[in-house]
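What follows is each chain in one-letter form.
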Amino acid sequence: MIQLKSAREIELMAEGGRILAAAVRHVRQAVRPGISTLDLDLEAEEFIRSHAGATPAFKGLYGFTGSICASINQEIVHGIPSRKRVLVEGDIISIDVGVAYRGYFTDSATTVPVGTVDDETARLLEVTERSLVAGIAMAVPGNHLGDIGAAVQQVVEGAGFSVVRDLVGHGIGVEFHEEPQVPNYGKPKRGLKLVPGLTIAIEPMVNVGGPMTRTLADKWTIVTVDGSRSAHFEHTVAISESGNGVLTAA
Ligand code: MG
Ligand code: MG
């Protein structure tokens, strides 16, 4: 069931989203060679909890132990924060964070270069973020879910990269994962029609190589089958009468 949100509910999500945006910025600034993904996790948790009423949404969600997902290089999503995972110059790290605030969830992700990265990796980050922007631009009343996916796919494949299909965006708000699913591929004018009050997380996951994924033995971390690098950018977006609002924008 799709749960449309009232203006009041979207305002509460926007308040949580502002805390989340600040948390993502805070963690992004902490990224450097030598820091562990557990250190980043603790930075995020402390920052989120310093805001009254806000808690890290991932902690305990489906049994996950972290406040962030921290996914390095060929890891696509759901990397578990660990003291043993230490960032090295030239890595990329995808940081996915959720906030629960006054009964409502928001969700955002970014991929950060660790120091200086090679040209192809820099292009991967630029293209993936640009594909998110293209998808958000299509998230307006009267368009369909397929318009979002098609826009993301066109940017990604036009740059010679591939869109992950095994994982998708999602409705969000009262529950962390709500209907509908929001694929990062599709055909224009297909799928659910977008209406004001719909709140969705749009989150392209983009691989340098092929789109295939597999899950590691830790049962969480999802990696590219071919070992190529992967990037992930995400915002929580509310469809409005006049277009949309990005609730997790910095
Ligand atoms: Mg997320
Ligand atoms: Mg999400």
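Please refer to the structure higher up on the page.
Per-chain numbering applies: the sequence of each chain, read as written, is numbered from 1 onward. As a convention, the first chain written is A and the first ligand written is 1, with the rest following in written order. Local features in a predicted model are, by the rule used here, given only for residues with pLDDT of at least 70; side-chain atom pairs are given and counted only at 80 or more, and totals for whole chains, interfaces and linings are based on all residues. Values reported for side chains reflect all heavy atoms of the structure, with hydrogen atoms and water molecules removed beforehand.

On to the overall build of the protein chain. Per the convention used, a helix needs a DSSP run of H or I reaching at least four residues, while a strand needs a run of E reaching at least two, with both numbered from the N terminus. Broken down by element type, the protein chain carries four helices and 15 strands. By principal-axis analysis of the C-alpha atoms, the protein chain measures approximately 45 × 45 × 30 Å. Think of it in three bands: residues with accessible area under 20% of the maximum for their type are buried, residues over 50% are exposed, and the middle band is partly exposed, with areas taken using a 1.4 Å probe on protein chains only. Scored against the burial criterion, the 250 residues of the protein chain give a buried share of 56%. Working rule for contacts: check all heavy atoms of both residues, and any pair within 4.5 Å makes them a contact. In the protein chain, of all internal contacts separated by at least 6 residues, the share reaching a separation of at least 24 is 70%. Accessible area for the protein chain stands at about 10,400 Å²; split by element, carbon and sulfur atoms hold 54% of it. Counting 22 positive and 29 negative side-chain charges, the protein chain places the averaged centre of each group 2 Å from the other. For every accessible area listed, the method is Shrake-Rupley and the probe measures 1.4 Å; residues are considered covered only by the protein chains on display. This count recognises Lys and Arg as positive and Asp and Glu as negative, with His and chain-terminal groups excluded. A charged residue contributes its charge at one atom only: NZ of Lys, CZ of Arg, CG of Asp or CD of Glu.

Turning our attention to the packing of aromatic side chains. Only Phe, Tyr and Trp rings are paired, with Trp represented by its six-membered ring, and only when their centres lie within 6.5 Å; those with planes under 30 degrees apart are stacked, over 60 edge-to-face, the remainder tilted. Under the counting rule described, the total for this entry stands at three aromatic pairs. Here the aromatic rings of Phe58 and Phe176 are separated by 5.4 Å at their centres, their planes lie at 80 degrees, and the arrangement is edge-to-face. Taken together, the residues span a long stretch of sequence, with Phe58 in the loop between strand 1 (54-56) and strand 2 (68-72) and Phe176 in the loop between strand 7 (169-171) and strand 8 (178-182) at a distance of 118 residues. For Phe176, a relative accessible area of 5% puts it in the buried group. Here Phe64 and Trp220 contribute two aromatic rings whose centre-to-centre distance is 5.0 Å and whose plane-to-plane angle is 80 degrees, an arrangement assigned as edge-to-face. Of this pair, Phe64 sits in the loop between strand 1 and strand 2 while Trp220 is found in the loop between strand 11 (213-215) and strand 12 (222-224), placing the two residues 156 residues apart along the sequence. For Phe64, a relative accessible area of 5% gives the class buried. For Trp220, a relative accessible area of 23% puts it in the partly exposed group. For a ring to carry a charge above it, either NZ of a lysine or CZ of an arginine must fall within 6 Å of the ring centroid while also lying within 35 degrees of the normal to the ring plane. Looking at Arg165, its charged tip hangs above the ring of Tyr185, at a distance of 4.5 Å from the centre.

Looking now at the nonpolar core. Remark: nonpolar core denotes a set of buried residues (Ala, Val, Leu, Ile, Met, Phe, Trp, Tyr, Cys) joined through side-chain atoms within 4.5 Å. In terms of nonpolar packing, the biggest core is built from 25 residues, with Val31, Leu40, Ile68, Leu87, Ile93, Ile95 and Val97 touching the most fellow members. Within the residue set of this core, elements represented by two or more residues are helix 1 (7-30), helix 2 (37-49), strand 2 and strand 4 (92-101). For Leu87, the residues in contact, after removing those within four places along its chain, are Val31, Arg32, Pro33, Gly34, Ile35, Leu40, Ile72, Ile93 and Val114. Phe64, Tyr104, Ala201 and Leu247 belong to the second largest nonpolar core, which has 16 residues in total.

Another aspect to go through is the side chain of Asn143. Inspection of the secondary structure puts Asn143 in the loop between helix 3 (119-137) and helix 4 (145-158). One polar contact links the side chain of Asn143 to the main-chain carbonyl oxygen of Met138, over a distance of 2.9 Å. Each residue touching Asn143, except ones within four places of it in the same chain, is listed here: Met138, Leu192, Lys193 and Leu194. Distance and chemistry together define a polar contact, namely a pair of N or O atoms within 3.5 Å, with one atom able to donate a hydrogen and the other to accept it when in protein, and with adjacent residues in sequence counting only for side-chain atoms on both sides.

Right, let's get into the coordination of the magnesium ion (ligand 2). Each metal's donors are the N, O and S atoms within 2.8 Å of it, or within 3.2 Å when it is Na, K or Ca, and because water is not part of the set, sites may look incomplete. Coordination of the magnesium ion (ligand 2) by the protein is provided by Asp107 (OD), His170 (NE2), Glu203 (OE) and Glu234 (OE), with metal-donor distances spanning 2.0 to 2.2 Å. Each donor residue of the magnesium ion (ligand 2) belongs to the same chain, with the gaps between them written as D-x62-H-x32-E-x30-E. Here the magnesium ion (ligand 1) and the magnesium ion (ligand 2) are spaced 3.2 Å from one another, each receiving a donor from Asp107. Of the two residues, Asp107 sits in strand 5 (residues 104-113) while Glu234 sits in the loop between strand 13 (230-232) and strand 14 (235-240), which places them 127 residues apart along the sequence. Residue class for Glu234 comes out buried when judged on its relative accessible area of 0%.

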